[in-house]
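Architecture at a glance
So you can see what is in the structure, the chains are spelled out below.
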Amino acid sequence: MTSVDTSTRAEDSGPSGYAAARLRLLTEKAQSGPPRRAALARLTDDWLTGLFTAARPPRGVALVAVGGYGRGELSPRSDLDLLLLHDGTADAGTVATLADRIWYPVWDLGLALDHSVRTPAEALKTAGDDLKVHLGLLDARPVAGDLGLVAGLRTAVLADWRNQAPKRLPELDALCRERAERMGELQFLLEPDLKEARGGLRDAQVLRAVAASWLADAPREGLDGARRRLLDARDALHLATGRATDRLALQEQDAVAEGLGLLDADTLLREVYEAARIISYAADVTWREVNRVLKARSSRPRLRGLLGGRSGASRTAGGRTAGGRTGGAKPPIARTPLAEGVVEMDGEVVLALSAKPDRDPVLPLRAAAAAAQSGLPLSLHAVRRLAAGAAPLPVPWPAEAREQLVTLLGAGESTVPVWEALEAEGLVSRLLPDWERVRCRPQRNPVHTWTVDRHLVETAVRASSLTRRVGRPDLLLVAALLHDIGKGWPGDHSVAGETIARDVAARIGFDRADVAVVATVVRHHLLLVETATRRDLDDPATVRSVATAVGTQGALELLHALTEADALATGPAAWSTWRASLVADLVKRVGAVLAGEPAAEPEPVAPSAEQERLAIEALRTGEPVLALHTQPEAAPEDGTPEPVGVELLIALPDQPGVLPAAAGVLALHRLTVRAADLRAVELPTELGPAAVLVLNWRVAAEYGSLPQATRLRADLVRALDGSLDIPARLAERDAAYPRRRGVTAPPPRVTVAAAGSRLATVIEVRAQDAPGLLHRIGRALEGAEVRVRSAHVSTLGANAVDTLYVTRPDGSLLSDEEASDLAKALEGALR
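Residues numbered from 1 in each chain as written. Predicted model: local features only at pLDDT ≥ 70, side-chain atom pairs only at ≥ 80, totals over all residues. Heavy atoms only, no water.

It is worth spelling out the sheet that holds strand β3 (residues 113-118) at this point. Taking strand neighbours across the sheet as the criterion, the four strands line up as β3-β2-β1-β4 in an open arrangement whose pairing is mixed. Of all strands in the sheet, those with a lone pairing partner are β3 and β4 (141-145), marking the two edges. Taken pair by pair, the neighbouring strands of this sheet meet at an average axis angle of 25°, ignoring direction. Note: strand β1 (residues 61-65) against strand β2 (residues 80-86), five bridges, orientation antiparallel. (Pairing = 2+ DSSP bridges. Helix = DSSP H or I, 4+ residues; strand = E, 2+ residues; numbered from the N terminus. Axes fitted to C-alpha atoms, helices over the stretch in contact; angles between N-to-C directions.)

The following block contains the structure:
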């Protein structure tokens, strides 16, 4: 059945016929995308026309579709935006009755309806008062009734829009900026709003409105295709959820991808991000042009006054100036040189008149570096001219090209818009072919703020502020740009990235020694932070292993700066003063080894005065003793105070079950564990030495205020004597909260770190973070009859990575078989 046949039958059969025809249309797999949206609009037009005609409307009345329906772009669950337009000659009661006979059947079918009844004058007044109404009327389309009435309204609306553009467009720009601030950038969101986020369907509509003003126009290449991809994704989202939603939630992405015939959710996100990037870039270029035109218009009257206006002495007999134009002399446009072949003109970076891209292969990088260093946008015309006619760079690159790339990367925040301009026209992938694999690649992890490619650029931006800390800032910036280049390839992205970085560094002209350094830094870019937060830094084996991997002081210096830049560019959860202090401590120890100092064997650390006091009190009373200390706030480089957590000291007579009991109590009180250290303190007594266990925890409140130490102590006593059933209490709390559908987490993984320490067996647990996770780990370790020497806990978004140093009860290392069995037992317990 064709769409025409369907609509005819819908009209003949009334609302039920329309509903059935609509359902058939939406379930036809052979028809999707723009044809289905247009067919749905035609089907709805025919049905509404039938309702309108059956109501016997008076003369001078029309039914008008506005907004998305006016554009003929109806998604399965789209609202119907309708205006009942009348010329004011009909009786008000008659018009109201007509409206009811149209609106109520729409509501009866459960369709969302945005409706209004107005005369043309009322519609124009409302549009003048409400920018959103004005935007909707720009897409007004007659459905039924008086076509001349609708044509007159459209003409008036467009005329008002063009006449009021100098006032309306800045208002629209501010509205778009506010919405972007509130909704975020679609191209970087893990669960984006396809309509309202920046680069979404709303911005595509705004670009149409700007073009209708005749003041500026968007670059159209790829824009229609990008808009169509977002509309297709929204259609599939409506069909998958059965709801009128624009938010592409994680749990819906696989179904939406399947509905679109895509491989998986990552492929879907990448297509959505690419579309959003095209729209965002078009919006940037368009608003820049709007502001340039408005600025030129506002300065014209002042300039005319300075030049004497139309009555100036330069007027000739023919009414033209000496320059050949009417209305006063036009000053020459200033062109300020920035670099060879590159000038600044009218607030943008453009190519000089003498520039010859076909003979100057370094020109794209030189122009980009000059724009970034000047903090100016690279003009659309310049980028397109470079993309179309620039000569390819020889391989390896000449020294100037490499220096210009480093200059571009070192410009800081202004690097980002220039890089986006190059990427929009395909220049980045032409310069660095390996970039194509990470372009718009999503990172399905809430810790990450950006897509892979944008994260790499952001890391270079962060690294640009750290260049004074390293002897080779060029290697730092290039390593920052390449450190995650292996993502998208099978296996460990650091291993794949090392090979790619080696090739790229050689391609851009670094010598063999520098290539080796860049490859080493990319290979080990996670080494410092992972070691500092998950390993015992007092263990010489830990420090020696890092020194062996890094190799030189120069590489260590670069790694330290890259670690900070990478974490800062990842997101707020990836870096803190606490992490910074751990990494700095590790770097200091590794630096000493690289300088030739031997890694000192650990000596038994004497307990602090407070630990000894608590241990004596615990031995005297035979019960736990607790102390809570809030750590002082630290101010990072930006000056923002940052709390580093709370230190919780627990001393109690050594006995089984201490770790799971203490971890369980902390979980019950919603305290997040950042690090844990357990040690036995020997105290002299009349009967000989007695062991007291001292636990040093670094904790933070999940939300709300910290609990009192007395409450923690009371619950710990009950947990140890068995009167407090922690597993049952945690289960009750979980049951009190409704289960929400979400992404299925991968299963936990427990591994034994090879040659991790000479003092203990190192067990690494990677699992979904959840209340009571450390408690469950502790119970499993107690069941395996091993002793926990220390624990290093880190949480990255929804993922927990806990490293445990364990020994036999006598303090000796576990055999390989025992360690393997323990890992399997732990994994089974956590499943």
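Following the criterion strictly, the structure yields four aromatic pairs and no others. Here the aromatic rings of Tyr18 and Trp47 are separated by 4.2 Å at their centres, their planes lie at 5°, and the arrangement is stacked. With Tyr18 in helix α1 (residues 3-27) and Trp47 in helix α2 (residues 33-54), this residue pair connects regions lying 29 residues apart in the sequence. If you follow Arg162 out to its NZ or CZ, it ends over the ring of Trp214, 3.7 Å from the centre. Across the ring face of Phe510, the terminal group of Arg402 is positioned such that the distance to the ring centre comes to 5.3 Å. (Phe/Tyr/Trp six-rings, centres within 6.5 Å; stacked < 30°, edge-to-face > 60°. Lys NZ or Arg CZ within 6 Å of the ring centre and 35° of its normal.)

What follows covers the confidence of the model for the chain. In the predicted model, the chain carries a mean pLDDT of 86, and 89% of its residues have values of at least 70. Here residues 1-13 scores under 50 on pLDDT; set against residues more than four positions off or in separate chains, the count is 19 contacts. Low pLDDT, under 50, characterises residues 310-328; the stretch is placed with 17 contacts to residues that sit more than four places away or in other chains. (pLDDT = per-residue confidence, 0-100. Contact = heavy atoms within 4.5 Å.)

Attention shifts here to the sheet that holds strand β5 (residues 335-339). Taken together, the three strands give an open sheet; going across it, the order is β5-β6-β7, and neighbouring strands pair in antiparallel fashion. Edge positions in the open sheet fall to β5 and β7 (348-351), since each of these has one partner strand only. Here the strands of the sheet are splayed against their neighbours by 40° on average, with no regard to which way each runs. Where β5 meets strand β6 (residues 342-345), four bridges bridge the pair, whose relative direction is antiparallel. Bridge pairing in β6 places Arg335 opposite Met345.

Bringing unusual backbone geometry into the picture now. With an omega of -5°, the peptide bond between Val395 and Pro396 qualifies as cis. Residue position: Pro396 is located in the loop between α14 (380-389) and α15 (399-409). The backbone of Arg56 shows a phi angle near 50°, a positive value even though the residue is not glycine. Note on placement: Arg56 falls in the loop between α2 and β1. One non-glycine residue, Glu785, lies in the positive phi region at around 60°. Summarising the element assignment, Glu785 is placed in the loop between α30 (773-783) and β14 (787-796).

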